[in-house]
Amino acid sequence: MTAAVARRTGLPFVPQPGPDELLGSWLLRVAQLYGLGLAPLLERLGALQTGAAQLHHWFAIDASIVSMEALSAATHLPRSVLATMAPSACKPHWPEELGACERCLADATHAAEPLMWNRNWMSPWATVCGIHGTFLTSVATRRLARVRHAEAFGAAIESAAPAPELLDKDAICASDALWLQALCLARTAVRLPWGRSRPSDLVRIVNALAREVNSVATFERSACGPSANGQVPAVKDFALESAACQRSVTSLPSRLRQRQWVLAKVGHVLRWAVDARTAHASWSSTSVKRLASTGDWPDGALSWVCPNAADLVLRQDELRRKHSISPSYFRAYSALLASIQ
Ligand SMILES: [Zn+2]
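Here the structure is a predicted model, which means the values were calculated and not measured.

All right, on to the nonpolar core then. The tendency in soluble globular proteins is for nonpolar side chains to be buried as a group. Within the largest apolar cluster, 81 residues are counted, with the highest numbers of intra-cluster contacts made by L136, L209 and V266. Sequence-distant contacts of L136, that is, excluding residues within four places in its chain, are made with G99, A100, C101, W121, A126, T127, V128, C129 and L256.

Where helix α15 (residues 307–323) contacts helix α16 (residues 327–338), the two axes come as close as 9 Å, and the packing angle between them is 160°. Between α15 and α16, the crossing angle belongs to the class labelled roughly antiparallel. As α15 packs across α16, the resulting crossing turns out to be right-handed. Residues R315, Q316, L319, R320 and H323 of α15 touch α16, and the partners they reach there are S328, Y329, A332, Y333 and L336. For the contact of α15 with α16, the residue count by class is 5 nonpolar, 3 polar and 2 charged.

A few words on the sheet that holds strand β6 (residues 235–241). Taken in spatial order, the 3 strands of this open sheet run β1-β6-β7, and their pairing is antiparallel. The outermost strands of the open sheet, each flanked by one partner alone, are β1 (89–91) and β7 (247–253). Direction aside, neighbouring strands of the sheet carry axes that sit 30° apart on average. Note that β1 and β6 share 3 bridges and pair antiparallel. Bridged to K91 within β6 is A239.

Of all residues in the protein chain, 85% have pLDDT values of 70 or greater, and the mean over the chain is 85. Taken element by element, the predicted model of the protein chain shows its lowest mean pLDDT in helix α9 (residues 165–169) (47) and its highest in helix α2 (residues 23–33) (96). Below a pLDDT of 50 lies the segment residues 162–169, which in the model reaches 11 contacts outside its immediate sequence neighbourhood of four places, other chains included. Note that residues 222–230 has pLDDT below 50 and, in this model, 4 contacts with residues that lie over four places away or in other chains.

The next thing to look at is helix α10 (residues 174–186). Compared with an ideal rise of 1.5 Å per residue, which puts 13 residues at 18 Å, α10 spans 18 Å between its outermost C-alpha atoms and is within 8% of the ideal. Immediately beyond the C-terminal end of α10, within one or two residues, lies R187, with a positive phi of roughly 60°.

Every α-helical turn comprises 3.6 residues, leaving residues that sit three or four positions apart pointing alike. Taken as a whole, helix α4 (residues 68–75) has its buried residues at M68, L71, A74 and T75. For α4, the arc enclosing every buried residue in end-on projection is 130°, short of the 170-degree limit, so these residues lie on one face. Immediately downstream of α4, the backbone of H76 shows phi near 65°, a positive value.

About the thresholds
Residues numbered from 1 in each chain as written. Predicted model: local features only at pLDDT ≥ 70, side-chain atom pairs only at ≥ 80, totals over all residues. Core = buried A, V, L, I, M, F, W, Y, C linked by C-beta atoms within 7 Å. Buried ≥ 20, exposed ≤ 12 C-beta atoms within 10 Å, placed from the backbone. Contact = placed C-beta atoms within 7 Å. Axes fitted to C-alpha atoms, helices over the stretch in contact; angles between N-to-C directions. Helix = DSSP H or I, 4+ residues; strand = E, 2+ residues; numbered from the N terminus. Parallel < 35°, antiparallel > 145°, perpendicular 65-115°, else oblique. Left-handed = near helix turned anticlockwise from the far one by under 90°. Nonpolar A, V, L, I, M, F, W, Y, C, P; charged D, E, K, R; others polar. Pairing = 2+ DSSP bridges. pLDDT = per-residue confidence, 0-100. Expected span 1.5 Å × (residues − 1). Arc of directions from axis to C-beta.

Pasting the structure below:
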């Protein structure tokens, strides 16, 4: 196949993308079919965007790197289909670890089907396989970047890695994590126990709760001594942008297993009423104060998450009405905070 022919007539055959297959995964399979590397294939198809200096990571390929128009013409797949296969942008960096489902890859191997990378695995919110309902296995992102063929997907993941202490010590529920994951990945208004929430509200709530859950874990670890568990979650900001150009910033651990632990806990709090929870039915006074000071909770959300914090907000409002903003208000407010132990 010459470059001129490829550009004029398109590719004579391309494999069909799998359900939820990532664009880069499918392009790796197309390139392999023609005995090419990924970059040479895109160059021959004239699909590299002007200004895209080089192809950094196969898994990050989106419309900023390839021309969807040129790719559509070359592969005879609609642009709309190609656009939905691209990952949501994750800036300024990808998490240190992403997740993949070993069982999905094993099922494909046993069925003699091609290995594919699921686009949903690229989100920092992805912790559980939507098909099998089990926690994803961690993949070092730098290791994933070295993959050159789809057959190498299985080797990229850390096979049968032992569960970390966090997962051993605290029973966390994959169904809670999966429930939250579905809400976060929906990127539309979703129904939560207290009512509908916009995506931006959900992200703010998840961030606030992740901070509290993480602070409890950090406190418990430091109480055991730093050598008892050397994993202090490194929380980073990830700016996510969907195809609809909705941007949100989430603050989560960069390591997958720590994200799984945090998000399963957050999912548990948001999913279950206080009296049905097995954890976080009550919060420390520090958490109560911090949750109360996190502004703009949607109606009913704070009383669901932490009734004591909702009560504190009400009492603070009463003080403000009574004293207005005055020295006496600040004295009364300080006394109110001091009373929460
Ligand atoms: Zn799976």
